[in-house]
2 protein chains.
Amino acid sequence: MQKTNLKEIAKTLGFSVATVSKALNGYSDVSEKTKKLVLDLAEELNYTPNSFAVNLRTKESKTIGVIIPTMVHYFFSNIIDSILKDCEERGYMVIIMQSNENYELEKKQVDLLLSKGVDGILISLSNKTRDTSHLKKIINSGIPLILFDKIDKNIKCSKIINDDRKAAYNAVCHLIKNGNKRIAHFRGALNPQNSIDRFLGYKKALTDNNIEYDPSLVYECKNNNRDDFVEGAELAKQLMIDHKDNVDAIFTVNDLISIGTLNYFNRNNIKVPEEIELFGFSNWFMTNVTTPSISSVEQNANKIGKKAAEILFKELEQKANEEEILYETHIIETELIFRDSTSNKIK
Amino acid sequence: MQKTNLKEIAKTLGFSVATVSKALNGYSDVSEKTKKLVLDLAEELNYTPNSFAVNLRTKESKTIGVIIPTMVHYFFSNIIDSILKDCEERGYMVIIMQSNENYELEKKQVDLLLSKGVDGILISLSNKTRDTSHLKKIINSGIPLILFDKIDKNIKCSKIINDDRKAAYNAVCHLIKNGNKRIAHFRGALNPQNSIDRFLGYKKALTDNNIEYDPSLVYECKNNNRDDFVEGAELAKQLMIDHKDNVDAIFTVNDLISIGTLNYFNRNNIKVPEEIELFGFSNWFMTNVTTPSISSVEQNANKIGKKAAEILFKELEQKANEEEILYETHIIETELIFRDSTSNKIK
C-alpha cells in the first residue's frame, strides 16, 4: 500500500492539487465546503502531510546540520554521539557531513544544508579553512551557527572549545615535575588554532620553569588522522637519530601520534617511561589499552557535543521569540589522566 | 539580511502567498502575466526555493536515513564514513540516528524518518529487535530499505552482510593449524545473528577437525560495546580460574573483548602467544597498537557501507523508472589478519 498523497485526494475529488493543498493548509481562498470535503477524505485515507509540506507552514524543519572534519575519529564520534542523543530527546533529526579536512567540500556542504532549510548548523572547521565567507552566509541567512573544537575566533557566533593552551601547559608542567628537562613536542599542522595553542602551552610551560626552549626538539605532524599513527613512529625514529641520549620526554599533539611513537619504542626496546616519558592528548580509548598505557588529556568530547546542542536550541528559542541572541563562548574543562607512560602518577 | 521568502514576494506584489507559490511552481491557474511578475522579482531578490518546497514538486528529498546501534564504534563509524562519501558524491544528505541497541527507539526513529519523507533507509538492527513491524512499515510505504551487518533474514529487502560463520570457521581453523586443541570462545549475546553465526563457525571448525566441543570453554559477553573491554578482562580471569593449565587459545566474538583479555594477561604475566593464543574479530585499528598486536578478522566495513549505498541508489532508480525491484543479498568477503597474538603467521 503506497502512502496517500495530495494527488490521489485531488483526483478522487476532482480538484486541482493546488486546491487540495490550500484546503489542507487552511488558505482563505478555498470555500469551507471544499475544505470539509478535502479534510474528511484526507482523514478517511489517513493522509499524513509529510514534514516537508508541514515545513512550509511551520518554517521549522526540525532538522539540524553538523559538519565535522572526519567520522572515523574517537573524539568526533563521541561529540556526534552526544549531539545525536540530545537532538533525539528534542525530536530533532541530524544531517551529518564530513569535510575530510577539505575547505571546498565544507563550503559546498554549508550550501546544501542552507538549501535544505535546516534550523541550525554546528561546525568543527577543517584544517584548510581560511576564508570564512560560507560561515558569514549562514549567519546572514538568520540560521543559528555554533562552532566547536576547531573554530575561527573572528566569526560572530557561539563557540564551544577546550582551553588547549592551558591543557598542554598542565601536561608539560607534569612532565617537568617528574624531573624531565629535555622535552620534545610532536606538534600538529601549523594552522589549526588548537594545534597552535597546544604548542604555545608547551612553550610557556618550559619558560615558566626556566627551561630553555629548543626548536630542534619540536617536530611537525601533517595531521592526517589515521596516518598519525605511522607518522608518530617515523618522528620517534627521527627524534632518536637527532637526540638519542639527550631527550627525557615527549608531549604529542594527539594520542594517535603517541601510540605510533610508543609502538616504535616497543619495537626497538626503548623503555617507556624509564628511558623516555610520553604524554598524549585527547584520552582516546586506545591510550588505555597500549602497554604501557599512555597518560593523556581528557577533552570531555561528550560535554562539548552536549553544550553545542544546548546552546543551539537556546538560540533557536530566542530566535522564535524574536529575542536578541547573545553569542556565548563556552570553555569545556579538560583533565590530566595519568597512566603508565609517565613516571610518578599524581592522583 | 534575512533570506527572501514567498511572503515577502507576495507582500511586495500584493498577491497571496498561495498565488506566488503557484506562480513559482508553474501552476496553470495563474496567468502568464502574474507568473512573469513573480519570477522577475524572485530573481531580483535572488530567492532560492528551499528544498522542502522543491520536495513537494519533485517528491524527492535527496535525503536518506541511516540507523545504527552505536556511533562510537570503529566498525560502524567506518561504514558511516563510506555511506557519507558515496551520498556526498551523489548530492544526497544523510540523517544518522543511533538506536543504542534499544528496539523502542529504533521503531520511533523509523517513524521519524518516514514522516521526514526520506528517499530510502539503511538499518543495522539493534540486538533487541525481534518484532519487525517497523521494517514492514517502511516497505509498505514504498521506501527502499537496505539492511546491513545486523539483519533479519525474514525481511523482504536487500541485505549487505559478511559471512560471519565462514570467517569464524577460518579463524578457528587457523588456531587449530597452529597446534591448539583446547580453544575457548568468548561469544556474543545469544540473539544477534552475527554472534550466533560466529559461535556456529567456531563449533564447526572444532568438529571438522575432530576436536570435541566442550561447552565449558564457551563464555557469553553481554555485548555492551565499550564495556566489552572490561568484560573481556573479567572473562579472561574466569577462564584462568576454570581452565588455567587446560586451554591453548581463545577466539573472541569481537576485538574489544580480545583487547580486554590481552590486558588481563599482560597485567598477570601470562604470555601471549607463548602460553595462550588470541584471535579477535573486526580488525579494529586498536588490534594493531596493542603489545602484542592481535590477529583478527577484517570485515571490510567500508565495502559494506559502499555496497549498501550502491544498492539503495540502484533501487531508487528502479523505483523512479517504475521497474520491478529485485532484492539482492550481498556477502562482503572477510580476510584473516595475522599478527603477534597467534604463533606461526601464515601470510
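Residues numbered from 1 in each chain as written. Chains lettered and ligands numbered in written order. Predicted model: local features only at pLDDT ≥ 70, side-chain atom pairs only at ≥ 80, totals over all residues. Heavy atoms only, no water.

**What about the nonpolar core?**
What tends to happen in soluble globular proteins is that the nonpolar side chains get buried as a cluster. Among the nonpolar cores identified, the biggest contains 152 residues, and Leu-239 of chain A together with Leu-239 of chain B are the most heavily contacted of them. Those residues within four positions of Leu-239 of chain A in sequence are excluded, and the remaining contacts are Ala-184, Phe-186, Leu-217, Tyr-219, Lys-244, Val-247, Ile-250 and Ile-276 of chain A. Counting 42 residues, the second-largest nonpolar core is a separate cluster that includes Ile-95 and Leu-125 of chain A together with Met-93 and Ile-138 of chain B. (Core = buried A, V, L, I, M, F, W, Y, C linked by side-chain atoms within 4.5 Å. Buried < 20%, exposed > 50% of the residue type's maximum accessible area, 1.4 Å probe, protein only. Contact = heavy atoms within 4.5 Å.)

**Quick look at the domain arrangement of chain A**
Residues and elements named next belong to chain A. Partitioning chain A into domains gives domain 1 (6–49), domain 2 (61–162 + 301–333) and domain 3 (164–299). For domain 2 and domain 3, the distance between their C-alpha centres works out to 30 Å. Taken together, the 16 residues of domain 2 in the interface contact 14 residues of domain 3. Surface buried jointly by domain 2 and domain 3 totals about 1,400 Å² across both partners, of which 45% is contributed by carbon and sulfur atoms. In terms of surface lost to domain 3, no three residues of domain 2 exceed Tyr-74, Asn-127 and Asn-162, which account for 36% of the buried area on that side. One can count 1 salt bridge joining domain 2 with domain 3. Its salt-bridge partner being Glu-333, residue Lys-166 comes within 3.6 Å of it at the nearest N-O pair. Inspection of the region where domain 2 meets domain 3 yields 3 residue pairs in polar contact (both at pLDDT 80 or more). Elements represented by at least two residues in the side of domain 2 that touches domain 3 include exactly helix 5 (74–89) and helix 12 (301–320). (Domains from an automatic or database assignment. Buried area = accessible area lost by both parts, 1.4 Å probe. Salt bridge = Lys/Arg side-chain N within 4 Å of Asp/Glu carboxyl O. Polar contact = N/O pair within 3.5 Å; in protein donor to acceptor, adjacent residues only side chain to side chain. Helix = DSSP H or I, 4+ residues; strand = E, 2+ residues; numbered from the N terminus.)

**A few points about the sheet that holds strand 8 (residues 249–252) of chain A**
Residue and element names in this part refer to chain A. The 4 strands lie next to each other as 7-6-8-9, forming an open sheet whose pairing is parallel. Strands at the two margins of the open sheet, each flanked by one partner only, are strand 7 (218–220) and strand 9 (277–279). Direction aside, the axes of adjacent strands within the sheet are offset by 15° on average. Pairing of strand 6 (residues 183–187) with strand 7 involves 3 bridges; the strand directions are parallel. Each residue of the ladder has a partner; that of Phe-186, found in strand 7, is Tyr-219. (Pairing = 2+ DSSP bridges. Axes fitted to C-alpha atoms, helices over the stretch in contact; angles between N-to-C directions.)

**Quick word on the side chain of Asp-214 of chain B**
Residues and elements named next belong to chain B. Along the chain, Asp-214 turns up in the loop between helix 9 (193–208) and strand 7 (218–220). Of note is the side chain of Asp-214, whose polar atom sits 3.0 Å from the side chain of Arg-182. Ignoring anything within four residues of it in the chain, the contact list for Asp-214 reads Arg-182 and His-243.

**Concerning the pattern of salt bridges**
Residues and elements named next belong to chain B. Tallied over the full model, the rule gives 26 salt bridges over all chains. Two residues, Arg-198 and Asp-164, come together in a salt bridge whose shortest N-O distance is 2.7 Å. Separated by 34 residues along the polypeptide, Arg-198 in helix 9 and Asp-164 in helix 8 (residues 164–177) bring together distant segments of the chain. Judged by relative accessible area, which is 6%, Arg-198 ranks as buried.

**Topic: helix 10 (residues 228–243) of chain A**
Between its first and last C-alpha atoms helix 10 of chain A spans 21 Å; for 16 residues at 1.5 Å apiece the expected length is 22 Å, and the two agree. Restricting attention to buried positions, one finds in helix 10 of chain A the residues Asp-228, Phe-229, Glu-231, Gly-232, Ala-233, Leu-235, Ala-236, Leu-239, Met-240 and His-243 of chain A. (Expected span 1.5 Å × (residues − 1).)

**A look at the environment of Val-17 of chain A**
With respect to the helices and strands, the residue Val-17 of chain A is situated in helix 2 (residues 17–24). C-alpha of Val-17 of chain A to C-alpha of Ile-143 of chain A: the two residues are 126 residues apart in sequence and 31 Å apart in space.

**Points about the sheet that holds strand 6 (residues 183–187) of chain B**
Residues and elements named next belong to chain B. One open sheet accounts for 4 strands, arranged 7-6-8-9; its pairing is parallel. The sheet is open, and its two borders are formed by strand 7 and strand 9 (277–279), each paired with just one other strand. Averaged over all neighbouring strand pairs, the angle between strand axes comes to 15°, with direction disregarded. Against the sheet, helix 9 engages strand 6, strand 7 and strand 8 (249–252), with an angle of about 170° to strand 6. Contacting strand 6, strand 7 and strand 8, helix 10 (residues 228–243) crosses the sheet at an angle of about 150° to strand 7.

**As for the packing of helix 6 (residues 103–116) of chain A against helix 7 (residues 133–140) of chain A**
All names here are of chain A. One way to put it is that helix 6 packs onto helix 7 with a least axis distance of 9 Å and a crossing angle of 15°. Judged on the interaxial angle alone, helix 7 and helix 6 are roughly parallel. By crossing handedness, the relation of helix 6 to helix 7 is classed as left-handed. For the pair helix 6 and helix 7, the contacting residues are Tyr-103, Glu-106, Lys-107, Val-110, Asp-111 and Leu-114 in the first and Ser-133, His-134, Lys-137 and Ile-138 in the second. (Parallel < 35°, antiparallel > 145°, perpendicular 65-115°, else oblique. Left-handed = near helix turned anticlockwise from the far one by under 90°.)

**Structural notes on the packing of aromatic side chains**
Enumeration according to the criterion identifies 20 aromatic pairs over all chains in this entry. Centroid distance Phe-75 of chain A to Phe-76 of chain A: 5.3 Å. Interplanar angle 65°. Geometry classified as edge-to-face. The exposure classification of Phe-75 of chain A matches that of Phe-76 of chain A, with both residues buried. Between Phe-186 of chain B and Tyr-219 of chain B, the ring centres sit 5.7 Å apart and the planes meet at 80°, which makes this aromatic pair edge-to-face. Placement of Phe-186 of chain B in strand 6 and of Tyr-219 of chain B in strand 7 is noted, with a sequence separation of 33 residues between them. (Phe/Tyr/Trp six-rings, centres within 6.5 Å; stacked < 30°, edge-to-face > 60°.)

**Brief notes about the confidence of the model for chain A**
In this model, chain A carries a mean pLDDT of 89, and residues with pLDDT of at least 70 account for 91%. Interface confidence for the predicted complex, given as ipTM, is 0.77, next to a pTM of 0.80. (pLDDT = per-residue confidence, 0-100.)

**Describing unusual backbone geometry**
Residues and elements named next belong to chain A. Here the residue pair Thr-291 and Pro-292 is connected by a cis peptide bond, since its omega of -5° sits within 30 degrees of zero. With respect to the helices and strands, Pro-292 occurs in the loop between strand 9 and strand 10 (296–298). A positive phi angle is found at Asp-149, which is not glycine, with a value near 55°. Considering the arrangement of structural elements, one finds Asp-149 in the loop between strand 4 (145–148) and strand 5 (158–162).

**Concerning the pairing of strand 2 (residues 93–98) of chain B**
Residues and elements named next belong to chain B. Counting buried residues in strand 2 gives 6 out of 6 residues, a clear majority hidden from the surface. Side chains Met-93, Ile-95 and Met-97 of strand 2 all project onto a buried face; the interleaved residues Val-94, Ile-96 and Gln-98 project onto the opposite face, where all are buried too. Both strand 1 (residues 63–68) and strand 2 contribute to a ladder of 6 bridges, which runs parallel. Bridge assignment links Ile-64 to a residue of strand 2, and that residue is Val-94. The β-α-β motif built from strand 1, the intervening helix 5 (residues 74–89) and the parallel element strand 2 has right-handed crossover chirality. (Right-handed = clockwise from strand over helix to strand, strands pointing away.)

**Focus: the environment of Ile-96 of chain A**
Residues and elements named next belong to chain A. Within the secondary structure layout, Ile-96 lies in strand 2 (residues 93–98). Relative accessible area serves as the criterion here: at 1%, Ile-96 is assigned to the buried category. Taking the C-alpha atoms as reference, Ile-96 lies 35 Å from Val-20; in sequence the two are 76 residues apart.

**Description of the packing of helix 1 (residues 6–13) of chain A against helix 3 (residues 32–44) of chain A**
Helices that pack against each other are described as a pair by the angle of their axes relative to one another and the distance between those axes. Residue and element names in this part refer to chain A. Here helix 1 crosses helix 3 at 125°, and the two axes come no closer than 10 Å. Considering their axes alone, helix 1 and helix 3 lie oblique with respect to each other. You can see that helix 1 and helix 3 cross each other, and the crossing is right-handed. Between helix 1 and helix 3, the residues in contact are Ile-9, Thr-12 and Leu-13 and Leu-37, Val-38, Leu-41 and Ala-42, respectively. When grouped by side-chain class, the residues that make up the contact of helix 1 with helix 3 number 6 nonpolar, 1 polar and no charged. (Nonpolar A, V, L, I, M, F, W, Y, C, P; charged D, E, K, R; others polar.)

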